[in-house]
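# Residue-level structural notes
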Amino acid sequence: MRAASPAPEVAPPPAAPRRKARWLPALSLVVGGVFLFPVAYLLWEAIFLGSEFWATLSSGDTLRPLANSLLIASTTAAACAVLGTSLAWLVARSTMPGRAMWRLLLPLPLVIPSFVGATAILVAFGPGGLVPFFPRLDGFWGAFVVLTMLSYPYVYLPVLARLRATPASLEEASRLLGVGTWRTQIGIVLPQLRSAIAAGTLLVFLYGLSDFGAVSLMRFDTITRAIFSSRLFDRTASLTLGLVLALLALGVAAVDRAVPRRPHHGAIGRTPARYSLGTGSILAVGLATTTVGLALVAPIGVFVAWVVRGSSTVGVGYSGLGDDLGFLLSPLVNSAVAAVVAAAVAAIVVLPVAFATVRRRRVAAGFASTVVTSTFALPGLVVALAIVFWAVRAPAPMAFLYQSFPLLILAYVLHFGAQTLQASETAIGAVPARYDEAARMLGAGGGKRFLTVDLPLMAPGLLAGAGLVLLSTLKELPATLLLAPIGFDTLATRIWAAAEDGFFAEVGITSLVLILLSGALTWSFVLRPELER
């Protein structure tokens, strides 16, 4: 019997010609130019300072705060690298009791802003404090303790993720060759953690370099404190210091980007082994307990004690339990509105850059993405300073922008936009190209494809990135102090003002509210995704 001849192949209908959005790279360049504005403006102003710039740069009033900033940033980064890596290894690879509990508790200090932690530690210890027999912490050591205790999660989280993804085969081969446990960890595991440790340590260094709240409250003379104190009466000094801090932060970020990263492959096969600590379990639990106690329990305990004990300033602000909490309504609403608006604007503004980077891969898009990412390294104080100086000298039709809500949102977006850019690029890259092609073959235009295909699939990633911006905005202090409209109090500025006035019951209740909000957001956008991996 003769075999049936195969049916002729039917060619698919010709697809409509794909139109590339030629305006997308151009729009990306515009966005990149806006993000480049703070540094460009400071450079432009420095040119006109001439000899004054160099005289200010070489003076002791500049070099001393700069040296102090480098000191606190480098020592904090080194301490966090050791502490964060050690805690991550104990949770991921040891038999330390209560690993599941420590895995949840150890990242939680992220919810406490540095100025909030500094306020608690500064006032709680020493004569007249809640713990009078303990010496008062201030100056360098006070700032070092606060920044280390609140920043180590930036190292702990990436190292923990890398440890969980490290293949067990290399360690098993090392042990089969008779290599001891510690030599295996140092010679095999540690090299695989270098990139994660370096990334987290860099974040801590930049955080320490840009911190304003903790160093100001601890009276440690860093470059951020000098900028803030000279902004009104010495424009030359503040401009010079701001430019130095900006170039230093961008230089550190550029060096990090230039360092080649070792490719990392996910774990295959068996789960990495856990190592018995024996009697060392007591030391491990002690380290974790001390860290969580100092970084999380102690500040919260101080705030609760202030609220319960009340304040001697009865009738001024919040005096303690039983007082009306209505004074928190306005700062709470202002914080929420500013954070939500900043998150939404940041997500919308950087979306063209993310789209052009992932879908078009043009030089313009790559440049814009690099600018947005690098601007994240700029301290918020520098971003706000550039905007303030521009607004003060703005032409008459734009003079009303000074200390206005739009400029405050602009500062938030410029400073935190990189957080939503990275999440947006990941979300766009995860959308299968075949979906877009199928919609195009059915005749859907670019706008319709974006609204009906791309956007629903990208929405979770976009919301996650916007949530990180919302969290950061909620805790931001220096830009809010410089740019907030008159009478526009946020939770952060309310805490700052109450601490300066000595209204500690008010500091306590406001800090607890801020920590509660930050904790909910941190759980939603940082901890829950990590725990679900």
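Structure: above.
Quick summary incoming for the structure in this document. Small disclaimer: the values here were computed from a predicted structure and weren't measured. Note that residues are indexed from 1 along each chain, following the sequence as it is written. It should be noted that, the model being predicted, local features are given only for residues of pLDDT at least 70 and side-chain atom pairs only at 80 or more, the latter also being counted only at that level, while totals for whole chains, interfaces and linings use all residues. Side-chain descriptors were evaluated using all non-hydrogen atoms of the structure, hydrogens and water having been removed beforehand.

### With respect to the packing of helix 5 (residues 114–124) against helix 6 (residues 139–151)
Operational definition: Only the stretch in contact is used when fitting a helix axis, every axis being a line fitted to C-alpha atoms; angles between N-to-C directions are given from 0 to 180 degrees. Every helix listed is a DSSP run of H or I at least four residues long, and every strand listed is a run of E at least two residues long, numbered separately from the N terminus. In this scheme, roughly parallel covers angles under 35 degrees and roughly antiparallel covers those over 145, while 65 to 115 is roughly perpendicular and the rest are oblique. Handedness of a helix crossing follows the sense of rotation of the near helix relative to the far helix, less than a right angle counterclockwise being left-handed and clockwise being right-handed. Contacts: residue pairs with any heavy atoms within 4.5 Å of one another. The classification used treats Ala, Val, Leu, Ile, Met, Phe, Trp, Tyr, Cys and Pro as nonpolar, Asp, Glu, Lys and Arg as charged, and all other residues, Gly among them, as polar.
Between helix 5 and helix 6, the shortest axis-to-axis distance is 10 Å and the interhelical angle comes to 130 degrees. Between helix 5 and helix 6, the interaxial angle falls into the category oblique. Relative to helix 6, the crossing made by helix 5 is right-handed. Contact residues: S114, G117, A118 and I121 in helix 5; V146, L147 and L150 in helix 6. Residue composition of the contact of helix 5 with helix 6, by class: five nonpolar, two polar and no charged.

### Observations regarding helix 21 (residues 491–501)
Applicable threshold: The classification of residues rests on relative accessible area computed with a 1.4 Å probe and restricted to protein chains. Under 20% of the type maximum is buried, over 50% is exposed, and intermediate values are partly exposed.
Listing the buried residues of helix 21 in full gives L491, A492, T493, I495, W496, A498 and A499. Phi turns positive one or two residues past the end of helix 21, at G502, with a value near 80 degrees.

### Overview of the packing of helix 5 against helix 13 (residues 280–309)
The contact between helix 5 and helix 13 brings their axes to 9 Å, and the two run at 65 degrees. By the angle class used here, helix 5 and helix 13 are roughly perpendicular. Seen from above, helix 5 lies across helix 13 with left-handed handedness. Residue-level inspection shows V116, T119, A120, V123 and A124 of helix 5 in contact with helix 13, the latter providing P299, V302, F303 and W306.

### What about the side chain of S28?
Note the threshold: Under this definition, polar contacts are N or O atom pairs within 3.5 Å; protein pairs additionally need one hydrogen-donor-capable and one acceptor-capable atom, and for neighbouring residues in sequence, both atoms have to be side-chain atoms.
Locating S28 in the fold gives a position in helix 1 (residues 23–49). A polar atom in the side chain of S28 sits 3.4 Å from the backbone oxygen of P352. Those residues in contact with S28, other than ones at most four positions away along the chain, are P352, V353, A356, A365 and A368.

### Side note on unusual backbone geometry
Here R219, not a glycine, exhibits a phi torsion of approximately 60 degrees, which is positive. Relative to the helices and strands, R219 is located in the loop between helix 10 (213–217) and helix 11 (223–230).

Take it as geometry only, folks, not as evidence of what the structure does.
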